[in-house]
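Below, each chain spelled out in residue letters.
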Amino acid sequence: MTAVPITLSIVIPLLNEADNLPKLMGHLAHLNPAPYQVILVDGGSTDNSVAIAKELIEGLIDSSPSVISEQVIDWQIIESTAGRALQMNAGAELATGYVLLFLHADTQLPNHAIADITSAVRQAAWGRFDVRLESSTWMLKVVSQMINWRSRFSGIATGDQAIFIKKSLFEQLGGYPQQPLMEDIELCKRLKAVGKPACLRSKVMTSARRWQQYGTWRTIGLMWHLRFDYWRGVSADNIKQRYYKT
């Protein structure tokens, strides 16, 4: 017997994501089963993201229920102070699902994501997906696998891996820490103190644009350096400045 899907609220922080929105929202509308709620949280976009999102939502509502699923999605868009942690916390506060899933606008869930999460939260209060960088090059396939191995070994996930958490636990921990970078790492450290994550082997596909723009080895070196600095106590503000200078 197939398990009844949990009510899932997907929270998506936006900042100048106009180019990604049609693909993102069209894909979410065709998940089977469908999410209970999708909350887009804009942090002050200057590329017309909000207007585009509203127009897409109107079209999706007019055509709902979706072609595949009988579930009518509760689409919402709100505006927030800029900052990924602040935006995700604002969306989580509005969310009414049993489980929260935090999704980057350039990341695509597997079609069976909600069924996977439904099974996972029977044993764990939080978890994440494996990740695949959107590239056919062998080196970035290796990088994807390294990210997944590191995450499975450490119990730490990044935002690109679509972290999901029971809302009650998220609220108990006070949400994402209000820091400008590494908020996902810090939240996972707190979650690990409560319990181990469900490390799903099904994969989300995320953009490889940074790796392609700055080079694979250079990006690997930067990421490891920044993570090491954060581990040894360098402030998130300092790390953010170096991250965006690269």
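Each remark here, short or long, concerns the structure printed above.
The structure presented is a predicted model; accordingly, all values stated were derived computationally and were not measured.

Asks: In this structure, what is going on with helix H4 (residues 113-120)? I would like to understand it.
Replies: Since the α-helix advances by 3.6 residues per turn, residues separated by three or four positions end up pointing in the same direction. Counted residue by residue, H4 has six buried out of eight residues, so it is predominantly covered. Along H4, the residues classified as buried are Ala113, Ile114, Asp116, Ile117, Thr118 and Ala120. Buried positions along H4 lie against strand S1 (8-14), strand S4 (99-102), strand S6 (126-133), strand S7 (164-166) and strand S8 (198-206).

Asks: Just to check I follow, could you spell out the nonpolar core for this structure?
Replies: Note that soluble globular proteins tend to have their nonpolar side chains buried in a common cluster. Core analysis: the biggest nonpolar cluster contains 43 residues, and Ile12, Leu28, Leu101, Leu109, Phe129 and Phe164 have the highest contact counts within it. Looking at this core, the element that brings in the most residues is helix H1 (residues 21-29), giving five residues. In this structure Leu28 touches Ile10, Ile12, Pro35, Val38, Ile73, Trp75, Leu103 and Leu109, once residues within four positions along its chain are discounted. Of all hydrophobic cores here, the second largest spans 23 residues; its members include Trp126, Ala157, Leu181 and Leu187.

Asks: Sorry, what's going on with the pattern of salt bridges here?
Replies: Close approach of charged atoms allows side chains with opposite charge to pair. Scanning the entire structure with this criterion turns up six salt bridges. In this structure, the salt-bridge partner of Lys23 is Glu134, at a minimum N-O distance of 3.3 Å. With Lys23 in helix H1 and Glu134 in the loop between S6 and helix H5 (138-154), the pair connects residues that are 111 residues apart, well separated along the chain. With relative accessibility at 35%, the residue Glu134 sits in the partly exposed group. For Lys167, the salt bridge is made with Glu171, and the minimal N-O distance between the two is 3.6 Å. Of the two residues, Lys167 and Glu171 both sit in helix H6 (residues 167-172), four residues apart, roughly one turn of that helix. Given a relative accessible area of 52%, Glu171 falls into the exposed group.

Asks: Looking at this model, I keep getting lost on the sheet that holds S8. Mind explaining?
Replies: In spatial order, the strands read S3-S2-S1-S4-S7-S6-S8-S5; together these eight strands make up an open sheet with mixed pairing. Strand pairing shows two members of the sheet lacking a second neighbour, strand S3 (74-79) and strand S5 (107-108), which therefore form its edges. Bridge count between S1 and strand S2 (residues 37-42): six bridges; the pairing is parallel. The partner of Leu14 across the bridge, within S2, is Asp42.

Asks: Is there a simple way to think about the pairing of S1 in this case?
Replies: Remember that side chains alternate between the two faces of the sheet whenever the strand is regular. For S1, a buried count of seven out of seven residues is recorded, marking the element as mostly surrounded by other parts of the structure. Each parallel crossover has a hand, and the one from S1 via H1 to S2 is right-handed.

Asks: Looking at this structure, how should I read unusual backbone geometry?
Replies: When glycine is set aside, most residues are seen to have a negative phi, and most peptide bonds are trans. Of note, the amide linkage connecting Asn32 to Pro33 takes the cis form, showing an omega dihedral of 0°. Within the fold, Pro33 resides in the loop between H1 and S2. Notably, Asn48 is not glycine yet its phi reads approximately 75°, a positive angle. Considering the arrangement of structural elements, one finds Asn48 in the loop between S2 and helix H2 (49-62).

Thresholds applied
Residues numbered from 1 in each chain as written. Predicted model: local features only at pLDDT ≥ 70, side-chain atom pairs only at ≥ 80, totals over all residues. Heavy atoms only, no water. Buried < 20%, exposed > 50% of the residue type's maximum accessible area, 1.4 Å probe, protein only. Helix = DSSP H or I, 4+ residues; strand = E, 2+ residues; numbered from the N terminus. Contact = heavy atoms within 4.5 Å. Core = buried A, V, L, I, M, F, W, Y, C linked by side-chain atoms within 4.5 Å. Salt bridge = Lys/Arg side-chain N within 4 Å of Asp/Glu carboxyl O. Pairing = 2+ DSSP bridges. Right-handed = clockwise from strand over helix to strand, strands pointing away.

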